[in-house]
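# Examination of the molecular architecture
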Amino acid sequence: MAEKNQGAPLLHVEHLTKEFPVEAGVFASRMNKKRVHAVEDVSFDIYPGETFGLVGESGCGKSTTGRTIMRLTNPTSGKVVFDGKDVAKMNKKELKEMRRNMQFIFQDPYASLNPRMTIGEIVSEPLQIHNVMPDAKERLEYVRSLLDIVGLNPEHINRYPHEFSGGQRQRVGIARAFALKPKLIICDEPVSALDVSIQAQVLNLLSDLQKEYGTAYLFIAHDLSVVQHISDRVAVMYLGHMMENSDWKTLYDEPHHPYTQALLSAVPVPDPDVQRSRKRIILKGDPPSPIEPPAGCPFHTRCPIAQDVCASGEMPELREVKPGHFCACHFAAPNPIKGASVEL
Amino acid sequence: MARKKNDNWVELKDQPVPEGSHLLEVDDLKMYFHTQDGVVKAVDGVSYTLDRGETLGVVGESGSGKSVTSLTIMGLIDMPPGKIEGGDVRYRGKSLLEMSEHEMEHIRGNDIAMIFQDPMTSLNPVYTIGRQLGEGLRLHRGYTKEQATERSIELLRMVGIPNAEQRVKDYPHEFSGGMRQRVMIAMALACDPDILIADEPTTALDVTIQAQIIELMKEMQEKNGNAIIMITHDLGVVADVADKIMVMYAGSPVEFGTADEIFYGASHPYTWGLIRSIPKQVKDEKKPLTPIKGNPPSLVNAPKGCPFSPRCPYAQDICRNKKPEPHFVGEGHYTKCHFASDPDFIKKNAPSTSRTQNAEGGEQ
Amino acid sequence: MATESKKDMETMTESQVKVEASAQAEDLSAAPARTLWGDAWKRLRKNKLAIFGAIWIIFMILVALTADLWVPQTLGSPTEADSTTMAQMSRLAPSAEHPFGTDTLGRDVLCRVIYGARISLAVGVLATAISTLIGLVMGALAAYYGGIWDTIIMRLADIFLAFPYTLFVIAMLAVIGSGIQNVFVAIGILGWPSIARVFRSAILSVKENDYVDAARAMGASDFRIIARHIFPNSVASIVVYATMNIGGAILTESALSYLGMGVVPPDPSWGIMIQDGQTYLATQPWLMLMPGLAILTTVLAFTLLGDGLRDALDVKMKDA
């Protein structure tokens, strides 16, 4: 992967922060200063053609990060630079141009396709919006070929989404995302709504398409094994913060953050022998509310190795513990929680 | 007081399991839905046995009938459109299918309890946790309000909810998802049931919370000795908890055996496909996954032969035309595949496991 | 590896085709382009009750429109009473000559019901058109712009809805004067809040869907998102609601005429006819029954059609 990382990043995210007011409304906004700290000071780079995985539990801000990069919501502060241009400062025209090169695949294969459009119309919509292939006949042929590529029968071009299974709908979503041959696709939990056997089909399809078109992925998911399988580099988020970020192998072999280690340890392994022999870390309690995040390290309330220093002051800085391996913990060390095995 | 004195009711839970039978025996159970579009064979010949202290994992994809099987056992299927087409369910030697609705009401919650995937919708938002916890106790055990509250606090403490005296007065929305699932478990265990049916209990939860809930269920089982039926699509979860595993496909079990038999000695192509579909821990090189081709079948126009034949890479003519009978690979380990009796076929096509790799002396 | 999994994909496609083909073999061969409205019509045609409602409505409209051509010749004038024969002709029971009987002034009841249909249908359709138009604009404004617009419009709607509807219409008629044109206006203007509410919530729920975000992520303009994604998915509820509203407007007009605020005698309207007939309910029930039946069947027809439209516009319904 190292050779890929040379040169300019395709996407550069720097100190990205996104807060939401807790209650919207005319009266609430003035009186109520409470805010959801969805994303806090997140920075990372994605290089052309690579897959960057973003894992974390629900409410950790991973989806908001993706949506903010796409500018489906505006960031509170921080910078998102795509292909050399700052996304936050783009005007309407530049934003449209940017979206030609950055596409999105959604989690819910039911809600992400307009039920009143045929799959042919759905897949050709990005082409129409960007006025690529104005010739209707040529466009139709192209859409049929796209459907074929993602493993759908081109004869079904005039069918509606509800006539397909969840896995097939996700293929439609993938065909739509690839229609403009974008440079980056943000995949927001693209397989978590699918059955195991279908999940594998879709993951393979995404890998094949990446090889074919050289597209970079920002792959957002809660399933660690899926993220490990598809990603070149992986970042772990907790309560809006990036806790650890490294290439997939190091992160899974030698996590330096206690949260990463606990997360890996919590994943049930489909292998009874391994399951019986390993000792698991069971984290106590629930993640704190992102409305009133704890002071210091957000993980200190559940961390088995937390010290006084973790509960006070600022969030520990994301520092480079090894070349290309970043970790935000005062006690960053290989497998910091002792006596637990992290076999996946 | 649900049970009147003159009711010559036999508390089944106090009866010994008859000689030669098991706590729960499901014997070739068939439950079909008769719909406008045709007959949906939701449960098509399910058989298994379960004893106290055991955990049965039921694995399958959506629409495989894994949930419907349990709902049928609990008598929670509306009939019609559902109809029992054959087979039997015996609990402590007594057929549940022959029981009256009145008798089943007593079985549910008291002898066999159930927890569901979504802890939010299974709790009533307008009643306090304490009231909902106590309901079963007052119904089945005739507890007074005070006794029920006291026991509720005890139960909440047992499932690890801090500050139980206060929390018993809270409403469901004041609990997090994981806490709610703890409440559901407390509620299910309130009457000390023989069998706990858990339908995807951790699917809606985060992985660190899932680990807590699984740990809790194991702890409770150790303490109470109840049996668990764990319905899930996650092979990792069954590998963690199950003693026996039933793999279901299109309403019928394709393979049944102990956890070790399923994970290290599976003999059905669908089980192989499932095992191959999961991304595995790899140390060096990533390999593409081997998915099962195609899509799950519709249960209405089920194939004439083996339900898996349209997606099976090894399917022959016989598979498409004849339904396979259970073939016993080992004692208590059966497979519904025409080729299961051929050891060469299994040896050639079965996926490699951590055990075979260790045996071959390859890297772990 | 790459080629191998490619092959995998191909065989997968094949097997999928097979599975699909066996399930829906009939429409695989021809794949004509399908449109939302074309499909809706196909589904509507299969709904017998809705078609029955539609036929009844068309029949009523045709009869009402062509009334001048044949009714006076066969059934006499709907308004003028013949003073010479009035005594013998008064309140005759239904017969072959007067299928619905005659009223106190000797006028044919069927004739008056037919002319009454003109007014009732016109009120139903026109008043609903007015309130739907206002409601769509208001609902869309509230949902798109949100914030202060939403607050103002929806609170205004609440105020309108807080008054008893019929009473509000009567009060308005008291100000602008009674008469049939004013009935149109009053019912039309006062009917918008419920339409606005339905449309607003439909838009808001459609807006939540990922496919709206998907369109934005594709770079679609606001206009395109509204026209292609939000409108087609929220308009169904309005079509249905408006259809059913027509029945409501007809009822309101009848009530107003019954109270003497709508159509001015001797012009016939179903409400006035009921009012005139109520005195004779015990002795000559057809005087009230016939216009009552006209109202009942018409309102029912619109409701059935509305129900059918709702199902037809839902793409998820089976096209069987």
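Here the structure is a predicted model, which means the values were calculated and not measured.

### With respect to the overall build of chain B
Helix and strand counts for chain B stand at 13 helices and 12 strands. When its C-alpha atoms are laid out on the principal axes, chain B stretches across 65 × 50 × 45 Å. Among the 364 residues that make up chain B, the fraction classed as buried is 50%. Pairs at least 24 apart in sequence give 64% of the contacts found in chain B among residues at least 6 apart.

### Examining the overall build of chain C
Broken down by element type, chain C carries 13 helices and 0 strands. Across chain C, helices and strands are ordered from the amino to the carboxyl terminus as α-α-α-α-α-α-α-α-α-α-α-α-α. Relative to its 320 residues, chain C shows a buried fraction of 42%. In chain C, of all internal contacts separated by at least 6 residues, the share reaching a separation of at least 24 is 71%.

### Things to note about the interface of chain A and chain B
At the junction of the two partners, chain A supplies 37 residues and chain B supplies 37 residues. Mapped onto the side of chain A that touches chain B, the elements with two or more residues apiece are helix 6 (166-178), helix 7 (196-213), helix 8 (224-230), helix 10 (258-266) and helix 11 (272-277) of chain A. Broken down by element, the residue count for the side of chain A that touches chain B peaks at 8 residues, all from helix 7 of chain A. Residues belonging to the side of chain A that touches chain B are distributed by class as follows: 16 nonpolar, 14 polar and 7 charged.

### Some words on the pairing of strand 10 (residues 252-258) of chain B
All names here are of chain B. With 6 of its 7 residues buried, strand 10 lies for the most part within the structure. In the sheet, strand 9 (residues 244-249) pairs with strand 10 via 6 bridges, with the strands oriented antiparallel. Looking across to strand 10, one finds that V247 is bridged to E255. Between strand 9 and strand 10, which pair antiparallel one after the other, the connecting turn spans 2 residues, and A250 there sits at a positive phi close to 50°. Of the pairings in the sheet, the one linking strand 10 to strand 12 (residues 333-335) comprises 2 bridges and is antiparallel in character. Directly across from F256, in strand 12, lies its bridge partner Y334.

### What to know about the pairing of strand 9 of chain B
Residues and elements named next belong to chain B. Where burial is concerned, most of strand 9 is hidden: 6 out of the 6 residues are buried. Across the two faces of strand 9 the burial is the same, with K244, M246 and M248 and I245, V247 and Y249 all buried. Examined bridge by bridge, strand 3 (residues 55-59) and strand 9 share 4 bridges and lie parallel to one another. Within the sheet, the bridge partner assigned to L56 lies in strand 9 and is K244.

### Quick word on the UniProt feature "domain: ABC transmembrane type-1" (unreviewed entry) in chain C
Look at the UniProt record and you will see "domain: ABC transmembrane type-1" (unreviewed entry) annotated at residues 117-306 of chain C. From the first C-alpha to the last, residues 117-306 of chain C spans 20 Å; its make-up is 84% helix and 0% strand.

### Section: the sheet that holds strand 4 (residues 82-91) of chain B
All names here are of chain B. Sheet architecture is open: 4 strands sit in the order 2-1-4-5, paired in antiparallel fashion. At either margin of the open sheet sits one strand with a lone partner, and together these are strand 2 (38-50) and strand 5 (94-95). The sheet contact formed by strand 4 and strand 5 spans 2 bridges and is antiparallel. Following the sheet pairing, R90 is matched in strand 5 by S95.

### Description of unusual backbone geometry
We note that M133 of chain A has phi near 55°; this positive angle belongs to a residue other than glycine. On the secondary structure map, M133 of chain A appears in the loop between helix 4 (119-129) and helix 5 (136-149). On the basis of neighbour counts, which here come to 17 C-beta atoms within 10 Å, the residue M133 of chain A falls in the partly exposed class. For D28 of chain B, which is not a glycine, the phi torsion comes out positive at approximately 50°. Looking at the element boundaries, D28 of chain B is found in strand 1 (residues 24-35). The exposure class assigned to D28 of chain B is exposed, which follows from the 12 C-beta atoms found within 10 Å.

### What to know about the nonpolar core
Ranked by size, the top nonpolar core spans 271 residues in total, and within it L218 and F219 of chain A together with A186, I229 and M230 of chain B carry the most contacts. The dominant element in this core, judged by the number of residues it contributes, is helix 5 (residues 109-145) of chain C, at 16 residues. Not counting chain neighbours up to four residues away, the residues in contact with L218 of chain A comprise I46, F52, L54, G66, L184, I186 and C187 of chain A.

### Some points on the environment of L16 of chain A
All names here are of chain A. Residue position: L16 is located in strand 1 (residues 11-21). Separated by 60 residues in the primary sequence, L16 and T76 place their C-alpha atoms 7.8 Å from one another. If sequence neighbours within four positions are ignored, L16 has contacts with V39, V42, T65, T68, P75, G78 and V80.

### Observations concerning the UniProt feature "transmembrane region" (unreviewed entry) in chain C
Those places that UniProt annotates as "transmembrane region" (unreviewed entry) correspond, in this numbering, to residues 49-71, 119-144, 156-176, 182-199, 230-251 and 286-309 of chain C. Helix makes up 100% of residues 286-309 of chain C and strand 0%, whereas the separation of the span's terminal C-alpha atoms amounts to 34 Å.

### Here we look at helix 6 of chain A
Residues and elements named next belong to chain A. Spanning 13 residues, helix 6 covers 19 Å between terminal C-alpha atoms, matching the ideal 18 Å at 1.5 Å per step. Among the 13 residues that make up helix 6, 12 are buried, leaving the element largely enclosed by the rest of the structure. Every buried residue of helix 6 is accounted for by G167, Q168, R169, Q170, R171, V172, G173, I174, A175, R176, A177 and F178. The elements touched by buried residues of helix 6 are strand 6 (102-105), helix 4, helix 5, strand 7 (184-188) and helix 7.

### Section: the sheet that holds strand 1 of chain A
Residues and elements named next belong to chain A. Taken together, 4 strands build an open sheet; the order of strands is 2-1-4-5 and the sheet is antiparallel. Taken across any chain shown, the strands that pair with only one partner, and hence form the sheet edges, are strand 2 (35-46) and strand 5 (85-86). Bridge analysis of strand 1 against strand 4 (residues 77-82) gives 5 bridges, and the strand direction is antiparallel. Across the sheet, residue T17 finds its bridge partner in strand 4, namely S77. Packing of helix 2 (residues 62-69) onto the sheet brings it into contact with strand 1, strand 2 and strand 4, and relative to strand 1 it is tilted by some 110°.

### Points about the packing of helix 5 of chain C against helix 13 (residues 286-312) of chain C
Residue and element names in this part refer to chain C. Where helix 5 meets helix 13, the closest approach of the two axes is 10 Å, and the angle between their N-to-C directions is 35°. When the axes of helix 5 and helix 13 are compared, the crossing they make is right-handed. The residues of helix 13 that touch helix 5, namely those facing V109, V113, G116, A117 and S120, are W286, L287, M290, P291, A294 and T298.

### A word on the packing of helix 7 (residues 165-176) of chain C against helix 8 (residues 180-190) of chain C
Between two packed helices, both the angle of their axes relative to each other and the distance between the axes serve to describe the pair. Residues and elements named next belong to chain C. In the contact formed by helix 7 and helix 8, the axes pass within 10 Å of each other and the chain directions differ by 135°. Relative to helix 8, the element helix 7 is oriented oblique. Crossing of helix 7 against helix 8: the hand is right-handed. Taken together, the residues of helix 8 that come into contact with helix 7 (itself represented by Y165, F168, V169, M172, L173 and I176) are N182, A186, I187 and L190. Split into classes, the residues belonging to the contact of helix 7 with helix 8 amount to 9 nonpolar, 1 polar and no charged.

### Comments concerning the environment of A220 of chain C
Considering the arrangement of structural elements, one finds A220 of chain C in the loop between helix 10 (210-218) and helix 11 (222-258). Looking at A220 of chain C, the number of C-beta atoms within 10 Å reads 23, which means it is buried. Remark: the alpha-carbon pair of A220 of chain C and V240 of chain C, spanning 20 residues in sequence, is separated by 29 Å. Apart from residues no more than four positions distant in its own chain, A220 of chain C is found in contact with I129 of chain A together with A215 and I225 of chain C.

### Thoughts on the confidence of the model for chain B
Here chain B averages 83 in pLDDT, while 94% of its residues score no lower than 70. When mean pLDDT is compared element by element in chain B, strand 3 of chain B scores highest at 93, while helix 13 (residues 354-359) of chain B scores lowest at 71.

### Thoughts on helix 1 (residues 66-73) of chain B
Residue and element names in this part refer to chain B. The element helix 1 is extensively covered by neighbouring structure, given that 7 of its 8 residues are classed as buried. Along helix 1, the residues classified as buried are K66, S67, V68, T69, S70, T72 and I73. Looking one or two residues past helix 1, G75 carries a phi angle of roughly 70°, positive in sign.

### Observations regarding the environment of E97 of chain C
Relative to the elements of secondary structure, E97 of chain C occurs in the loop between helix 4 (86-89) and helix 5. For E97 of chain C and L75 of chain C, which are 22 residues apart along the polypeptide, the C-alpha to C-alpha distance reads 8.4 Å.

### Comments concerning the confidence of the model for chain C
Residue and element names in this part refer to chain C. Here chain C averages 78 in pLDDT, and 85% of its residues register 70 or above. In this model, residues 1-32 is a region of pLDDT below 50 whose contacts with residues beyond four sequence positions or in other chains number 40 contacts. Here the complex is predicted with pTM 0.79, and the ipTM for its interfaces comes to 0.82.

Conventions used here
Residues numbered from 1 in each chain as written. Chains lettered and ligands numbered in written order. Predicted model: local features only at pLDDT ≥ 70, side-chain atom pairs only at ≥ 80, totals over all residues. Helix = DSSP H or I, 4+ residues; strand = E, 2+ residues; numbered from the N terminus. Buried ≥ 20, exposed ≤ 12 C-beta atoms within 10 Å, placed from the backbone. Contact = placed C-beta atoms within 7 Å. Nonpolar A, V, L, I, M, F, W, Y, C, P; charged D, E, K, R; others polar. Pairing = 2+ DSSP bridges. UniProt positions renumbered as here; feature names shortened; annotations may be inferred. Core = buried A, V, L, I, M, F, W, Y, C linked by C-beta atoms within 7 Å. Expected span 1.5 Å × (residues − 1). Axes fitted to C-alpha atoms, helices over the stretch in contact; angles between N-to-C directions. Left-handed = near helix turned anticlockwise from the far one by under 90°. Parallel < 35°, antiparallel > 145°, perpendicular 65-115°, else oblique. pLDDT = per-residue confidence, 0-100.

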